[in-house]
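# Coordinates in review
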Amino acid sequence: MWIPEDHKQVFRGNTDDHFRLGVKVTKASVRMYVDFFGSDVLVASPLGLVTRLQESGANASDFLSSLEVLIIDHADVIAAQNWNHVVTTVQSVNALPKETHGTDVMRVHETHLNGHAKHLRQTVLLSSHASAEMNALMRNECANVEGRARWRETHAGVLGVAANSVRNAGGLRQQFERVPDAPIDRADDARFKHFTRRVLPKLRENPQPGSLLFVRSYLDFVRVRNALTKAEVSFCVNSEYTDLKNGARARSLFADGRKRVLLVTERAHFYHRRRIRGVREVFFYSLPDREKFYSEMVSFLGDDASDADGTRLSAPTANVAFSAYDALQLERVVGSKRAKKMLAPDANSTFIFT
């Protein structure tokens, strides 16, 4: 079975995402499972903290009031679960407690009593990639008096890796089309309009099976799924809410040509990295957050996509829709230098890489 190494590392061992643990550190020992108000270190998942906040009533966030260092590790993995839990937790940190809980007020820093604890808290966010949600969290919820520092990486892109992964002769055609600019509150509508005008007719009129349609978010997935249903396109789905049995059946129907289109979400591929066979063309409704997922989707081109005599029916093609709001994802796929040129106001709307 094809399972990438990074997938094994993330999902090895206990994958329960609902936990919280208090740790007390003394000169002679380290005590585990200590009450939160007596803990020096709190190790918890966002889901574990949110459920605690929901269970404890009006003074639910009191145990988070004295945090001095907040570390959000593997933020990219947490984002594949529910990022709202992270936002809810961070918003609850360093609020003035409703009760004293046996604390000697005379030993509390005056800045904390005045409600300035959040301005002294150090927040460290670690992730394999940046996202708009992470940037917004650091900008809106982290207010340390010393300011903020961010590591910015220059990306080389994965276009070459994607092209080398296609085993069929004839080369890979990677076509990027820019969605017309629109205000942020109408950006989703502009992308969907581009899809219905440029991509949906191809999916509806193409008699050949093998069209893989990739969508980043579940909300976009619902919108695209409804459009495909309304247009009476023969398709099947693999989303994060598709169980393993139905997901395997959908991939089998697609590989056999009994369904012409397979609609896949990024979260579904994150949790269940399965090889998809029978792909002749890939459409990216939106670019993935993980650039490796782009090259993996493209690598499925050519698998079982030949006629009975072994000849290639058409050149392998990847079609990508992007907008100015996809700058972070775009630079990881095409490279930082190319992305800057592609997002320039006077740039062309279509870019082809072979």
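Report on the accompanying structure. Bear in mind that the values here come from a model prediction, so they are computed numbers and not experimental data. (Residues numbered from 1 in each chain as written. Predicted model: local features only at pLDDT ≥ 70, side-chain atom pairs only at ≥ 80, totals over all residues. Heavy atoms only, no water.)

Broken down by element type, the protein chain carries 14 helices and twelve strands. Across its three principal directions, the C-alpha atoms of the protein chain cover 80 × 50 × 40 Å. Residue burial in the protein chain is summarised as follows: out of 354 residues, 44% are buried. When the 49 basic and 41 acidic side-chain charges of the protein chain are each reduced to a single mean position, those positions are 4 Å apart. (Helix = DSSP H or I, 4+ residues; strand = E, 2+ residues; numbered from the N terminus. Buried < 20%, exposed > 50% of the residue type's maximum accessible area, 1.4 Å probe, protein only. Lys, Arg positive; Asp, Glu negative; His and termini not counted. Charge placed at Lys NZ, Arg CZ, Asp CG, Glu CD.)

Approximately 1300 Å³ is the volume found for the second largest pocket. Taken together, 40 residues line the second largest pocket, and the ones lying closest to its centre are Glu133, Arg216, Ser217, Tyr218 and Asp289. Elements with a minimum of two residues in the lining of the second largest pocket: helix 3 (75–79), helix 4 (83–92), helix 6 (132–141), helix 8 (187–205), helix 9 (218–230), helix 11 (266–271) and helix 13 (327–334). With five residues, helix 11 is the largest single contributor of residues to the lining of the second largest pocket. Looking at the lining of the second largest pocket, its residues break down into 16 nonpolar, eleven polar and 13 charged. (1 Å grid on protein atoms, 1.4 Å probe; cavity = no way out; pocket = protein on both sides within 12 Å on 5 of 7 lines; lining within 4 Å. Points joined across faces, edges and corners; volume = space filled by probe spheres on them. Nonpolar A, V, L, I, M, F, W, Y, C, P; charged D, E, K, R; others polar.)

Before going further, it helps to spend a moment on a nonpolar patch on the surface. On the surface, Phe19, Val25, Val30, Met32, Tyr33, Val41 and Val43 cluster together into a nonpolar patch covering about 690 Å² of accessible area. Of all the secondary-structure elements, those providing two or more residues to the nonpolar patch are strand 2 (30–32) and strand 3 (41–44). If you trace the backbone, Met32 turns up in strand 2. Relative accessible area serves as the criterion here: at 45%, Met32 is assigned to the partly exposed category. (Patch = residues over 30% accessible without salt bridge, like charges linked within 9 Å, V, L, I, M, F, W, Y side chains within 5 Å. Areas by Shrake-Rupley, 256 points an atom, 1.4 Å probe, with all protein chains shown as cover. Salt bridge = Lys/Arg side-chain N within 4 Å of Asp/Glu carboxyl O.)

What follows deals with the nonpolar core. Counting residues in each nonpolar core, the largest one holds 33 residues, and the members touching the most others are Phe176, Leu212, Tyr294 and Val298. Counting residues in hydrophobic clusters, the runner-up holds 18 residues, among them Val199, Val215, Leu228 and Phe235. (Core = buried A, V, L, I, M, F, W, Y, C linked by side-chain atoms within 4.5 Å.)

We now examine the packing of helix 4 against helix 6. Interhelical geometry of helix 4 versus helix 6 gives an angle of 10° and a closest axis separation of 11 Å. Taken together, the axis directions place helix 4 and helix 6 in an arrangement best described as roughly parallel. Contacts from Trp83, Val86, Val87, Val90 and Gln91 in helix 4 reach Glu133, Met134, Leu137 and Glu141 in helix 6. Grouping the constituent residues of the contact of helix 4 with helix 6 by class yields six nonpolar, one polar and two charged. (Axes fitted to C-alpha atoms, helices over the stretch in contact; angles between N-to-C directions. Parallel < 35°, antiparallel > 145°, perpendicular 65-115°, else oblique. Contact = heavy atoms within 4.5 Å.)

Okay, empty space enclosed by the protein next. Vacant regions in the atomic arrangement are exposed by a probe of water-molecule size rolled over the atoms. Per the stated rule, a full pass over the model turns up two cavities of 30 Å³ or more. In this structure, the largest cavity encloses a volume near 160 Å³. Lining the largest cavity we find 14 residues, and of these Asn238, Arg251, Ala268, His272 and Arg274 sit closest to its centre. Mapped by element, the contributors of at least two residues to the lining of the largest cavity are helix 10 (244–255) and helix 11. Among the elements that make up the lining of the largest cavity, the one with the highest residue count is helix 10 (four residues).

Inspection of the secondary structure assignment puts Arg198 in helix 8. A distance of 3.0 Å separates a polar atom in the side chain of Arg198 from a polar atom in the side chain of Glu177. (Polar contact = N/O pair within 3.5 Å; in protein donor to acceptor, adjacent residues only side chain to side chain.)

Once that is clear, we can look at the packing of helix 8 against helix 9. Where helix 8 meets helix 9, the closest approach of the two axes is 11 Å, and the angle between their N-to-C directions is 35°. Two packed elements cross with a definite hand, and for helix 8 against helix 9 that hand is right-handed. Contacts between helix 8 and helix 9 involve Asp188, Asp189, Phe192, Phe195, Leu200 and Leu203 on the former and, on the latter, Arg223, Val224, Ala227 and Leu228. Within the contact of helix 8 with helix 9, the residues separate by chemical class into seven nonpolar, no polar and three charged. (Left-handed = near helix turned anticlockwise from the far one by under 90°.)

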